[in-house]
Amino acid sequence: MPIYHSTEGERDSHDPQKRNLKRLNKGAMAMEEQVKLIGWLRSPFVTRVRIALALKGIHYDFIEDDSENKSHLLLKSNPVHKKVPVLFHNGKIVCESMIIVQYIDETWETNAPNLMPKDLYDRAIARFWAAFVDDKLILSVWGVLVGQGEKQQKAVEESLANFLLLDDALRASSCSGNAYFGGDEIGFVDIALGGLLVTIKAIEKVTNTVLVDPEKTPLLCAWIERFSQIDLVRGILPDPAKVLERHSGQRAKFTSALAGN
């Protein structure tokens, strides 16, 4: 399994003071918290966690797993769901993407920005919409990929309705002058939905459908453009070509299986 570091090393310096400072920094780094993340780069759920870690400025090792041949480390670390992402923090294991995102926010609460609102009511609302994305939106979009005929059309209609609800939620936030679901900066809901954007676009292309309609959801479309153009996010979002290739293969398998029934 390849292991990648999230930061680059410092360059050597000929300045004695800088060398001494570097030694001190290395000593401090040795005492720092150990953070590792298991995942695969095209996963929208891993993307969520990588965005959260990057926003918080957390140094970590990325252990790339194989979705077709899951490692013993992954299966041992997440024996319940056997899925990525899995976060290791000083030997402790945290699973499920949005649980990990909240863990990151609360563990490194002094690192800006705050991903969850400070107000308790606003926190409840953020959790509600993040759960909506996972419990409703993902299921309807997945139904578009795997369905055919009337079943697929029903999934398309459900997806359009779900995106319309998110547009309304964004409108409520925009009325307060906010650019994102989380306010002026990326927050919990933005990460929940933003991690899925490349996957949603790929499923639209594979199935020749329109799930995010610019005429019906103009605020959401503007948010997608705004979120996707953030430099930090652009550097983390998975390669669209690889995501498209994977979902094209999945679509072919599903349609072939349905045709054989």
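Residues numbered from 1 in each chain as written. Predicted model: local features only at pLDDT ≥ 70, side-chain atom pairs only at ≥ 80, totals over all residues. Heavy atoms only, no water.

1. Things to note about the pairing of strand β2 (residues 35–39)
In step 1: The buried count for β2 comes to 4 of 5 residues, which makes it a mostly enclosed element.
In step 2: Two elements, β2 and strand β4 (residues 86–89), share 4 bridges in a ladder whose sense is antiparallel. Paired with L37 across the two strands is L87, which belongs to β4.
In step 3: Pairing geometry for β2 and strand β3 (residues 61–64), over 4 bridges, is parallel. What sits directly across from I38, in β3, is I63.
In step 4: In terms of handedness, the path from β2 via helix α2 (residues 44–56) over to β3 forms a crossover that is right-handed. (Buried < 20%, exposed > 50% of the residue type's maximum accessible area, 1.4 Å probe, protein only. Helix = DSSP H or I, 4+ residues; strand = E, 2+ residues; numbered from the N terminus. Pairing = 2+ DSSP bridges. Right-handed = clockwise from strand over helix to strand, strands pointing away.)

2. Description of the sheet that holds strand β1 (residues 3–5)
In step 1: Read across the sheet, 5 strands follow the order β1-β3-β2-β4-β5 without closing on themselves; strand pairing throughout is mixed. Pairing within the sheet leaves two strands with one partner each, and these edge strands are β1 and β5 (92–95). Sheet twist, expressed as the average angle between the axes of neighbouring strands with direction ignored, equals 20 degrees.
In step 2: Pairing geometry for β1 and β3, over 3 bridges, is antiparallel. Following the sheet pairing, I3 is matched in β3 by I63.
In step 3: Contacts from α2 reach β2, β3 and β4, with the element oriented near 155 degrees to β2.
In step 4: With respect to the sheet, helix α4 (residues 97–107) is in contact with β4 and β5, its orientation differing from that of β5 by roughly 130 degrees. (Axes fitted to C-alpha atoms, helices over the stretch in contact; angles between N-to-C directions. Contact = heavy atoms within 4.5 Å.)

3. So, the nonpolar core
In step 1: Counting residues in hydrophobic clusters, the biggest one holds 66 residues, and the most contacted among them are L53, F163 and W223.
In step 2: A total of 9 residues in this core trace back to one element, the largest contributor, which is helix α5 (residues 120–146).
In step 3: If sequence neighbours within four positions are ignored, W223 has contacts with L170, A179, Y180, F181, D190, L193, G194 and L197. (Core = buried A, V, L, I, M, F, W, Y, C linked by side-chain atoms within 4.5 Å.)

4. A look at the pattern of salt bridges
In step 1: Taken as a whole and assessed by the stated rule, the structure comprises 8 salt bridges.
In step 2: With its nearest N and O atoms 3.9 Å apart, the salt bridge here joins E106 to R123. Remark: R123 occurs in helix α5 and E106 occurs in helix α4; sequence separation between them is 17 residues.
In step 3: Notably, a salt bridge pairs R171 with D168, separated by 3.2 Å at the nearest N-O pair. Highlighted residues: R171 and D168, both in helix α6 (residues 149–174), separated by 3 residues, approximately one helical turn.
In step 4: Looking at R171, the relative accessible area reads 35%, which means it is partly exposed.
In step 5: Judged by its relative accessible area of 39%, D168 is partly exposed.
In step 6: The network of salt bridges with common partners includes D167, D168 and R171. (Salt bridge = Lys/Arg side-chain N within 4 Å of Asp/Glu carboxyl O.)

5. Concerning α5
In step 1: Counted at 1.5 Å a residue, the expected span for α5 with its 27 residues is 39 Å, and the 38 Å between its end C-alpha atoms agrees.
In step 2: Buried residues of α5: R123, A126, W129, A130, F132, V133, L137, S140, V141, G143, V144 and L145, and no others.
In step 3: Two to three positions downstream of the cap, the backbone nitrogen of Y121 sits 3.0 Å from a side-chain oxygen, assigning the N-cap of α5 to D119. (Expected span 1.5 Å × (residues − 1). Polar contact = N/O pair within 3.5 Å; in protein donor to acceptor, adjacent residues only side chain to side chain.)

6. A closer look at the packing of aromatic side chains
In step 1: All chains considered together, the criterion is met by 5 aromatic pairs.
In step 2: Between F128 and W129 the ring centres are 5.1 Å apart and the planes differ by 85 degrees, which places this aromatic pair in the edge-to-face class.
In step 3: Residue W129 is classed as buried on the basis of its relative accessible area, which comes to 17%.
In step 4: Ring geometry for W223 against F227: centres 5.1 Å apart, planes inclined by 25 degrees, an arrangement best described as stacked. (Phe/Tyr/Trp six-rings, centres within 6.5 Å; stacked < 30°, edge-to-face > 60°.)

7. A few points about the packing of α2 against α4
In step 1: At a closest axis distance of 9 Å, the pairing of α2 and α4 adopts a crossing angle of 10 degrees. Considering their axes alone, α2 and α4 lie roughly parallel with respect to each other. On the side of α2, the interface is formed by F45, R48, V49, A52, L53 and K56, while α4 contributes S97, M98, I100, V101, I104 and D105.
In step 2: For the contact of α2 with α4, the residue count by class is 8 nonpolar, 1 polar and 3 charged. (Parallel < 35°, antiparallel > 145°, perpendicular 65-115°, else oblique. Nonpolar A, V, L, I, M, F, W, Y, C, P; charged D, E, K, R; others polar.)

8. Things to note about the confidence of the model for the chain
In step 1: Of all residues in the chain, 89% attain a pLDDT of 70 or more, and the chain-wide mean is 90.
In step 2: Segment residues 7–31: pLDDT under 50, and 8 contacts once partners within four positions in sequence are set aside and those in other chains are kept. (pLDDT = per-residue confidence, 0-100.)

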